[in-house]
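Here is what each chain is made of, one letter per residue.
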Amino acid sequence: MIGFKSAASAQRFLTVHAAVYNTFYTQRHLASRGTLRTLRAQAHAAWIAAVAS
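About the cut-offs
Residues numbered from 1 in each chain as written. Predicted model: local features only at pLDDT ≥ 70, side-chain atom pairs only at ≥ 80, totals over all residues. Heavy atoms only, no water. Helix = DSSP H or I, 4+ residues; strand = E, 2+ residues; numbered from the N terminus. Buried < 20%, exposed > 50% of the residue type's maximum accessible area, 1.4 Å probe, protein only. Areas by Shrake-Rupley, 256 points an atom, 1.4 Å probe, with all protein chains shown as cover.

*Asks:* How should I be thinking about the overall build of the protein in this particular structure?
*Replies:* Helix and strand content of the protein: two helices and zero strands. Expressed as lengths along the three principal axes of its C-alpha atoms, the size of the protein is roughly 45 × 30 × 10 Å. Sorting the 53 residues of the protein into buried and exposed places 6% on the buried side. In the structure as shown, the protein presents an accessible area of about 4,500 Å², 63% of it carried by carbon and sulfur atoms.

*Asks:* When you look at the environment of Lys5 in this model, what are you seeing that I'm missing?
*Replies:* Turning to its location among the elements, Lys5 is positioned in the segment before α1 (7-24). Looking at Lys5, the relative accessible area reads 87%, which means it is exposed. Put simply, Lys5 and Leu39 are 34 residues apart on the chain and 36 Å apart in space, counted from C-alpha to C-alpha.

Laid out in structure tokens, this is it:
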């Protein structure tokens, strides 16, 4: 909380951070390289669509 002015500010940041982290983080040991590449491409497309609007 050192870098945040209030608990609400920290909560807003953590909410957004969790959504982005969950979109891009894939446990690599659970997927083949081809599957991982496909998942990353889908996550990237979702990110581009989210920030474009």
